[in-house]
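Structural features, examined
Chain residues, written in single-letter form:
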Amino acid sequence: AALYGGRAALASEVNSETAFALEEWGVEKPPTIEEVLKENPDAKICLVDHQQTSQMNPAINPDNVVGVIDHHALQSKTIVTD
């Protein structure tokens, strides 16, 4: 997130691998997306590691998605709604 002047946020609880990495390298757990959107309801969102709306946290307005960083295959649309 910092690379693009953004702010990391959690879309869900962290798994054990992520919890280990955060602890191992002394990185503070980011706030939840709900907390970020409470502060700034119109925040622009960049999805990381997914591009399907079915996988998106329900707190995120798809109209506010401005980017996708994903290693999975993109389908015919950047944001897949089917």
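Residues numbered from 1 in each chain as written. Predicted model: local features only at pLDDT ≥ 70, side-chain atom pairs only at ≥ 80, totals over all residues. Heavy atoms only, no water.

Looking at the overall build of the protein
Summing up its helical and strand segments, the protein has 2 helices and 2 strands in all. Of the regular secondary structure in the protein, the N- to C-terminal order runs α-α-β-β. For the protein, the residues scored as buried account for 22% of the 82 residues in total. When the accessible area of the protein is evaluated, it comes to approximately 6,300 Å², of which 52% is carbon and sulfur surface. (Helix = DSSP H or I, 4+ residues; strand = E, 2+ residues; numbered from the N terminus. Buried < 20%, exposed > 50% of the residue type's maximum accessible area, 1.4 Å probe, protein only. Areas by Shrake-Rupley, 256 points an atom, 1.4 Å probe, with all protein chains shown as cover.)

Some thoughts on the environment of Ile 33
Looking at the element boundaries, Ile 33 is found in helix α2 (residues 33-39). Note on Ile 33: relative accessible area 7%, which makes it buried. In the structure, Ile 33 is positioned 26 residues away from Ala 59 in sequence and 7.4 Å away in space, judged by C-alpha atoms. If we ignore the near neighbours within four places in the chain, the residues touching Ile 33 are Ala 9, Leu 10, Ala 11, Ile 45, Asn 57 and Ile 60. (Contact = heavy atoms within 4.5 Å.)

Some thoughts on the pairing of strand β1 (residues 45-48)
Only one face of β1 is covered, namely the one carrying Ile 45 and Leu 47; the face carrying Cys 46 and Val 48 has none of its residues buried. When β1 meets strand β2 (residues 65-69), the two strands line up parallel, connected through 4 bridges. In the sheet register, Val 48 faces β2, and the bridge partner there is Ile 69. (Pairing = 2+ DSSP bridges.)

Concerning helix α1 (residues 16-24)
Sitting at the head of α1, Asn 15 places a side-chain oxygen 3.2 Å from the backbone nitrogen of Glu 17. Gly 26 lies just past α1 and shows a positive phi near 65°. (Polar contact = N/O pair within 3.5 Å; in protein donor to acceptor, adjacent residues only side chain to side chain.)

Re a nonpolar patch on the surface
A cluster of nonpolar residues, Leu 3, Tyr 4, Val 48 and Ile 69, forms a patch on the protein surface that exposes about 520 Å² of accessible area. In this structure, Leu 3 sits in the segment before α1. (Patch = residues over 30% accessible without salt bridge, like charges linked within 9 Å, V, L, I, M, F, W, Y side chains within 5 Å. Salt bridge = Lys/Arg side-chain N within 4 Å of Asp/Glu carboxyl O.)

Observations regarding the pattern of salt bridges
In total, this model carries 2 salt bridges according to the counting rule given. The salt bridge partner of Arg 7 is Glu 39, with a shortest N-O separation of 3.0 Å. Of the two residues, Arg 7 is situated in the segment before α1 and Glu 39 in helix α2; the sequence distance between them amounts to 32 residues. Under the relative-accessibility criterion, Arg 7 is labelled partly exposed at 48%. One salt bridge in this structure joins Glu 13 and Lys 29, with 3.9 Å as the shortest N-O distance. Highlighted residues: Glu 13 in the segment before α1 and Lys 29 in the loop between α1 and α2, separated in sequence by 16 residues. With a relative accessible area of 63%, Glu 13 lands in the exposed category.

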